[in-house]
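Observations on chain architecture
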Amino acid sequence: MSVFTPLARPELETFLAPYGLGRLLDFQGIAAGSENTNFFISMEKGEFVLTLVERGPVQEMPFFIDLLDVLHEADLPVPYALRTTDGVALRELKGKPALLQPRLAGKHIKQANAQHCAQVGDLQAHLHLATQGDNMIKRKTDRGLDWMLEEGTQFLSHLSEKPRALLQKSLDEITQQKEKILALPRANIHADLFRDNAMFEGTHLTGLIDFYNACSGPMLYDVAIALNDWCSDDDGLIDGPRARAFLGAYAALRPFTAAEAELWPTMLRVACVRFWLSRLIAAESFAGQDVLIHDPKEFEQRLAQRQTVSTPLPFAL
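Residues numbered from 1 in each chain as written. Predicted model: local features only at pLDDT ≥ 70, side-chain atom pairs only at ≥ 80, totals over all residues. Heavy atoms only, no water.

Description of the overall build of the chain
As a reminder, the rule being used: Elements are defined by DSSP. Helices are runs of H or I of four residues or more, strands are runs of E of two residues or more, and each kind is numbered from the N terminus. Within these notes, the globule rule equals 2.2 Å times the number of residues to the 0.38 power, and the radius of gyration is based on C-alpha atoms. The classification of residues rests on relative accessible area computed with a 1.4 Å probe and restricted to protein chains. Under 20% of the type maximum is buried, over 50% is exposed, and intermediate values are partly exposed. Whether two residues are in contact is decided by their heavy atoms: any pair within 4.5 Å suffices.
Counting its regular elements, the chain contains nine helices and nine strands. Since a compact globule built from 317 residues should have a radius of gyration of about 20 Å, the 20 Å found for the chain is in line with a globular shape. Each of the three principal axes of the chain carries a C-alpha extent, and together these read 55 × 45 × 35 Å. Expressed as a percentage of its 317 residues, the buried residues of the chain come to 52%. Taking all contacts inside the chain whose residues are at least 6 apart in sequence as the whole, residues at least 24 apart take part in 74%.

Now the structure itself:
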């Protein structure tokens, strides 16, 4: 179970009292997280999620709170931070930054179809439109291109010949295309829009969660991250019908530019590199611990499949 910081009922009751939500009825650790500690919280006045942020400096937390407020005000289904009766959103518990948020309806899906993908593309476009231009809140990611180049170079010696060659080729491409990537149209991006961060009731998208990788960055990078998860088959190949549904729904709201169309194959590979490396690091860091570790091989396989890309961006201007 990925509960890095366990909590006892008395300390949790003390923490929750200032919210004015009544008695604590029940709480349960959430096993799905791989970076932060999360609990389902049942109170007399509703269902909530408590997050203890395990990674990242505390000074970054106002960004997440402000971003979720902006998205909530734009009527997007996100878990904005609740305030205490004194108006405090960011608090501390067991020495960790702590946020209490409403628990969104729905559940994660394991198998996505074209209808699911279209809804995700539509929501992602709304997120980008709500935060581009003057509405963008600036935050540099700690897992961007420079991080990939540094960590990737260090990990080359950990890999066998074939994956080492694959990673080296991708690092060379990132170096060559870095300036063009950074010049792409920008907004606030989720940067982790996987199936386990979206909630559905049937085929209706009811919520988008876990914004702790969110930052300001190229919108196309966010699209590539999401498509690599939502539209990949078991062999790592892009599923054409799902990809076209996803990209079509997105582009109906925010058409892609010619520069984005040119860099699309590169961005799909960059998105694979980011999660291949983070999973390799997690596998080494948490080896032997009772922590959810996603399989790095999944993104090694997808990166190998993205050496050729047969699904172009639609509606390029």
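We are not done yet, so read on.
Examining the pattern of salt bridges
As a reminder of what qualifies: Just to be clear on terms, a salt bridge is a Lys or Arg side-chain nitrogen sitting within 4 Å of an Asp or Glu carboxyl oxygen.
Across all of its chains, the model carries 16 salt bridges by this definition. Two residues, Lys96 and Glu54, come together in a salt bridge whose shortest N-O distance is 2.7 Å. With Lys96 in strand β5 (residues 96–102) and Glu54 in the loop between β3 (46–52) and α2 (61–73), the pair connects residues that are 42 residues apart, well separated along the chain. Taking relative accessible area as the criterion, Glu54 reaches 24% and is therefore assigned partly exposed. Here the residues in one salt-bridge network are Arg195, Asp229, Arg279, Glu298 and Arg302, joined through shared partners.

Concerning the side chain of Asp192
Let me state the cut-off plainly: None of His or the chain ends enter the tally, which takes Lys and Arg as positive and Asp and Glu as negative. As used in this structure description, the phrase polar contact means that two N or O atoms lie within 3.5 Å; if the pair is within protein, one of them must be able to donate a hydrogen and the other to accept it, and residues adjacent in sequence are counted only when both atoms belong to side chains.
Residue placement: Asp192 occurs in the loop between β6 (186–189) and β7 (198–201). One buried charge, Asp192, has no salt-bridge partner; the nearest side chain with opposite charge is Arg274, at 5.8 Å. One polar contact links Asp192 to Asn213, side chain to side chain, over a distance of 3.5 Å. Aside from chain neighbours lying at most four places away, what touches Asp192 is Asn197, Asp210, Asn213, Asp222, Ile225 and Phe275.

Some thoughts on the packing of aromatic side chains
How we decide: Aromatic contacts are taken between Phe, Tyr and Trp rings whose centres are within 6.5 Å, Trp giving its six-membered ring; a plane angle under 30 degrees counts as stacked, one over 60 as edge-to-face, and the others as tilted. We count a charge as sitting over a ring when the NZ of a lysine or the CZ of an arginine lies within 6 Å of the ring centre and within 35 degrees of the ring normal.
Using the criterion set out here, one finds nine aromatic pairs in the structure. Ring-pair connections join several aromatic residues into one group, and the members of that group are Phe63, Phe64 and Tyr212. One residue, Arg91, lies across the ring of Phe15, its end atom 4.2 Å from the ring centre.

Details of helix α3 (residues 114–131)
Every α-helix winds through 3.6 residues per turn, so residues three or four apart in the chain are directed the same way. Worth spelling out the cut-off: Helix span, as expected, comes to 1.5 Å for every residue beyond the first.
An ideal rise of 1.5 Å per residue puts 26 Å on 18 residues; α3 measures up with 26 Å between its terminal C-alpha atoms. Along α3, the positions that sit buried rather than exposed are His116, Cys117, Val120, Gly121, Leu123, Gln124, Ala125, Leu127, His128, Ala130 and Thr131. Elements that come into contact with the buried residues of α3 comprise α2, β6, β7, β8 (204–208), α6 (219–230) and α7 (240–253). A side-chain oxygen of the first residue of α3 lies 3.0 Å from the backbone nitrogen of Gln115; this N-cap is Asn113.

Here we look at α7
The end-to-end C-alpha separation of α7 is 20 Å, in line with the 20 Å expected for 14 residues at 1.5 Å each. In terms of burial, α7 is a largely internal element, ten of the 14 residues being buried. If you follow the buried residues of α7, they end up packed against α3, α6 and α8 (258–285). Structurally, the start of α7 carries an N-cap: the backbone nitrogen of Arg242 is 3.0 Å from a side-chain oxygen of Asp239.

Digging into the pairing of β5
Threshold: In this description, strands pair whenever DSSP reports at least two bridges between them.
Counting buried positions along β5 gives six out of seven residues, so the element sits mostly inside the fold. By the bridge criterion, five bridges tie β3 to β5 in an arrangement that is antiparallel. Each residue of the ladder has a partner; that of Leu52, found in β5, is Ala98. Judged from the three bridges that link them, strand β4 (residues 91–93) and β5 form a sheet pairing that is antiparallel. Paired with Leu93 across the bridge in β5 is Lys96. Adjacent in sequence and paired antiparallel, β4 and β5 are bridged by two residues, among which Lys94 carries a positive phi angle near 55°.

Remarks on the sheet that holds β3
Sheets are built from strands that pair by backbone hydrogen bonding, the pairs being arranged parallel or antiparallel. Spelled out, the test is: Interaxial angle, 0 to 180 degrees, is taken between N-to-C directions of lines fitted to C-alpha atoms, where a helix line uses only the stretch in contact.
Spatially, the five strands line up as an open sheet ordered β1-β2-β3-β5-β4, and their pairing is antiparallel. What marks the edges here is a single partner per strand, and that holds for β1 (24–29) and β4. Here the strands of the sheet are splayed against their neighbours by 35° on average, with no regard to which way each runs. Here helix α1 (residues 9–16) sits on the sheet in contact with β1, β2 (37–43), β3, β4 and β5, set at roughly 115° to β1.

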